[in-house]
Amino acid sequence: MRLKSIVALLLKPISDRTFSVLKYIIYRKQFPNLNGHSFNEKILRKKCGLISEEEKSLREVSADRLLVRDYVETLKSNVELIPLLWSGKVLMKEDWESLPDKFVIKARHGSQMVLIVDKKIHSYEFVLKKTEQWKKNDYYLLGREWVYKNTPRELVVEEFITFESDVPPDYKFFCLNGRVELVQVDLDRFSSHSRNLYNRHFELLDVKFKYEQGEKIAKPNLFDEAVEIATNLSKDFDFIRVDLYVLDDKVYFGELTNFPENGLGCFSPQSFDQELGAKLELNHVK
């Protein structure tokens, strides 16, 4: 991360559009067409800011781990919000002492800055140091995901929810024009990360997306309900990925993701990129 931060600072004068196109070329080893028809080219178009000001504002709200909670509540989609235990700039010792033995702390201003805290393992000093490091991290500059550029560098703490005494599987619903077209299931994210792709009927696809396929899992009892929830949460977007935790008796909201894998993830076979992109009709740019 240190090297990436240094490179990002050196490239700071470059525009978001130029940076994103160059990174696409390096990672995908091909030149993108900003008017192209593949899924990742259409995501790249949005990363380059070729969208309306109204859409930009909505996507900034959707990326903020605190503001998105209010947005989700307005949609009345029957999804459960994980209880918010605390939010603020600095986790003080008195805040720490008021929190349960296990909880999840996240940064508002970017992805991957998440820690499952267990007070039996983690000290207050360790968590404070880590979260202060997060706040120094200009997540926008690293990948030029402009949705995070103006997000306050603050923290949120949520209740830790369990699934058979472990971290619940993460269901990511790719919603194109208000319809779930692809479901990504990440397994063992904090150990041996694997990833399965399904269609909207939970039929396993012979397609890989960055990670190897994991073990087969049974269709969740509330999967169809989760599809309905994702559909509702996506209705204001031409594309958004709706991340949900689907438990046996409840569906919890995770987050809304604007640029999956920063628009750089490779599907195998590559033809699936075109197949998925053909289903996405982008909003007209005013």
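Cut-off values and rules
- Residues numbered from 1 in each chain as written.
- Predicted model: local features only at pLDDT ≥ 70, side-chain atom pairs only at ≥ 80, totals over all residues.
- Heavy atoms only, no water.
- Helix = DSSP H or I, 4+ residues; strand = E, 2+ residues; numbered from the N terminus.
- Rg over C-alpha atoms; globule rule 2.2 N^0.38 Å.
- Buried < 20%, exposed > 50% of the residue type's maximum accessible area, 1.4 Å probe, protein only.
- Contact = heavy atoms within 4.5 Å.
- Areas by Shrake-Rupley, 256 points an atom, 1.4 Å probe, with all protein chains shown as cover.
- Lys, Arg positive; Asp, Glu negative; His and termini not counted.
- Charge placed at Lys NZ, Arg CZ, Asp CG, Glu CD.
- Pairing = 2+ DSSP bridges.
- Axes fitted to C-alpha atoms, helices over the stretch in contact; angles between N-to-C directions.
- Parallel < 35°, antiparallel > 145°, perpendicular 65-115°, else oblique.
- Left-handed = near helix turned anticlockwise from the far one by under 90°.
- Nonpolar A, V, L, I, M, F, W, Y, C, P; charged D, E, K, R; others polar.

Trainee: Summarise the overall build of the protein; cite the residues concerned and give the values.
Mentor: Broken down by element type, the protein carries ten helices and twelve strands. For 286 residues, the compact-globule formula gives about 19 Å, and the C-alpha radius of gyration of the protein, at 19 Å, lands near that figure. Put simply, the protein has 286 residues, and 52% of those count as buried. Of the contacts made within the protein by residues no fewer than 6 positions apart, 61% connect residues no fewer than 24 positions apart. When the accessible surface of the protein is split by element, carbon and sulfur atoms take 49% of a total near 14500 Å². Across the protein, the mean location of the 44 positive side-chain charges is 7 Å away from that of the 45 negative side-chain charges.

Trainee: Run through the sheet that holds strand β3 (residues 102-107), naming residues and quoting values.
Mentor: Pairing in this open sheet of four strands is antiparallel, and the strands run β2-β5-β3-β4 from one edge to the other. Because the sheet does not close on itself, it has two edges, and the strands there are β2 (84-88) and β4 (114-118). Each strand of the sheet is rotated relative to its neighbour by a mean of 20°, with strand direction disregarded. The pairing of β2 with strand β5 (residues 155-159) spans four bridges and is classified as antiparallel. Paired with Ser 87 across the bridge in β5 is Val 156. Against the sheet, helix α7 (residues 124-136) engages β3, β4 and β5, with an angle of about 170° to β4.

Trainee: Help me get a handle on the packing of helix α2 (residues 16-28) against helix α3 (residues 39-47), residues and values and all.
Mentor: It is at 10 Å that the axes of α2 and α3 come closest, and there the two elements cross at 155°. In terms of axis orientation, α2 runs roughly antiparallel to α3. Remark: the crossing between α2 and α3 carries right-handed chirality. Each of Ser 20, Val 21, Tyr 24 and Arg 28 in α2 lies in contact with α3, whose residues at this interface are Asn 40, Glu 41, Leu 44 and Lys 47. Looking at side-chain class alone, the contact of α2 with α3 contains three nonpolar, two polar and three charged residues.

Trainee: Outline the pairing of strand β11 (residues 251-257), supporting the account with residue identities and numerical values.
Mentor: In terms of residue burial, β11 counts as a mostly covered element, since six of its seven residues are buried. In the sheet, strand β1 (residues 80-81) pairs with β11 via two bridges, with the strands oriented parallel. For Glu 80, the partnering residue across the bridge sits in β11 and is Tyr 252. Note: strand β10 (residues 239-246) against β11, six bridges, orientation antiparallel. Bridging across to β11, Arg 241 finds its partner in Thr 257. In textbook terms, the turn of a hairpin is the stretch between consecutive antiparallel strands, and for β10 and β11 this stretch comprises four residues.

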